[in-house]
Amino acid sequence: MCLQPAAIAYGAVAVARYRFATPYRSKLPVICIGNFTAGGTGKTPIALHVAERLKALGERPVILTRGYGGRAKGPLRVDLHHHTAAETGDEPLLLARAAPVLLARDRKAGAQAIEAWGDEASVIVMDDGMQNPSLVKDLTIAVADGRRGIGNGRVIPAGPLRAPLKFQLALANAIVINSAAGPARHGAPAPRVEEMVQRIFPGPVLHAQTGPAGDTRWLKGARLVAYAGIGNPDRFFDLLSDAETLITMPFRDHQPLTPDDARGLLAKAEAAGATLITTEKDWVRLPDSEGPRAELKQKSRVLVVRTVFDGESEALLDKLIVNALAARPVKASGF
């Protein structure tokens, strides 16, 4: 309870920042993929999935991201062949494999830079930023972890919420309950997230599951040293439940590994006779040539994940996207 006064102040600032802002209406539809809590919901794979759905509908999506963890402030078009995670952060490099990415700390400036691309862009997918007041969103999808939900329901630093829940619910047009494939580690029971969401949110609730992509039969009976610096490392470790031996090494979200970290992981794998395995986001943070970190990158296998919606939810997602596109603004203007 000693953190509650700070949480109240944090939440009040977040709400005031939103309510007193003057948002910019882009020339392009803006679809925002956000979350209620500070990371760990599987938001990035869902942003990728939305970009793929837009392409299937004949659209030309450009992903707008803040580039957390990188030096660049933007607006900057991300180039996979030129930029590194130190410059852009890890998520932009991962997102750029699916669609063009524009990095900008200032979301309004980022949207205007994308508009200047002309016919190359027809819709903006805003990765994160549900609580950011600088852009008008035509569709806001909030992602909730299928096991953790909203945690203790308190605002940072007393809990994981980015702002008071009632305020955030009013920002969302739909909620995706995103569950990780496979059983929870240590037999942890899943909370009744769906019941909670249905009780407090009157809008559409979609269901998705994030799991490994491709052939994963090699995982069965494997000896693994798994490392992850993401918002909720257990979401990744849960996907490796078929391993015979699993040594897990969690790091902070977006944490750059040091040479000593790399040496430690290499030594653990050698001592255990195990294979190193990590996430795409962690892998792109490692350099291609720089001593032990480059060696770690070369010796690590990457578990690629993808998000799959159930049939009803996929159809509803497409309907939400089409409705957002139908509201395509005629011209840009300030409010």
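Residues numbered from 1 in each chain as written. Predicted model: local features only at pLDDT ≥ 70, side-chain atom pairs only at ≥ 80, totals over all residues. Heavy atoms only, no water.

(A) Broad picture of the sheet that holds strand β7 (residues 139–145). Taken in spatial order, the 9 strands of this open sheet run β4-β5-β3-β6-β2-β7-β8-β9-β14, and their pairing is mixed. Looking at which strands have only one partner, the edges of the open sheet turn out to be β4 (76–77) and β14 (305–309). Pairing analysis gives 2 bridges linking β4 to strand β5 (residues 101–103), with the strands arranged antiparallel. Each bridged residue has a counterpart across the sheet, and for R77 the counterpart in β5 is L102. Sitting on the sheet, helix α2 (residues 43–56) is in contact with β2 (30–35), β3 (61–65), β6 (123–127), β7, β8 (174–180), β9 (205–212) and β14, with an inclination near 160° to β2. Along the sheet face, helix α12 (residues 311–326) touches β2, β6, β7, β8, β9 and β14 and points at about 115° away from the line of β9. (Pairing = 2+ DSSP bridges. Helix = DSSP H or I, 4+ residues; strand = E, 2+ residues; numbered from the N terminus. Contact = heavy atoms within 4.5 Å. Axes fitted to C-alpha atoms, helices over the stretch in contact; angles between N-to-C directions.)

(B) Region of the structure containing the packing of helix α9 (residues 259–272) against helix α11 (residues 292–299). At a minimum axis distance of 8 Å, the contact between α9 and α11 shows a crossing angle of 40°. Classified by the angle their axes make, α9 and α11 are oblique. Of the two elements, α9 crosses α11, and the hand of that crossing is left-handed. Here P259, A262, R263, L265 and L266 of α9 lie close against α11, whose contacting residues are P292, R293, E295, L296 and K299. Grouping the constituent residues of the contact of α9 with α11 by class yields 6 nonpolar, no polar and 4 charged. (Parallel < 35°, antiparallel > 145°, perpendicular 65-115°, else oblique. Left-handed = near helix turned anticlockwise from the far one by under 90°. Nonpolar A, V, L, I, M, F, W, Y, C, P; charged D, E, K, R; others polar.)

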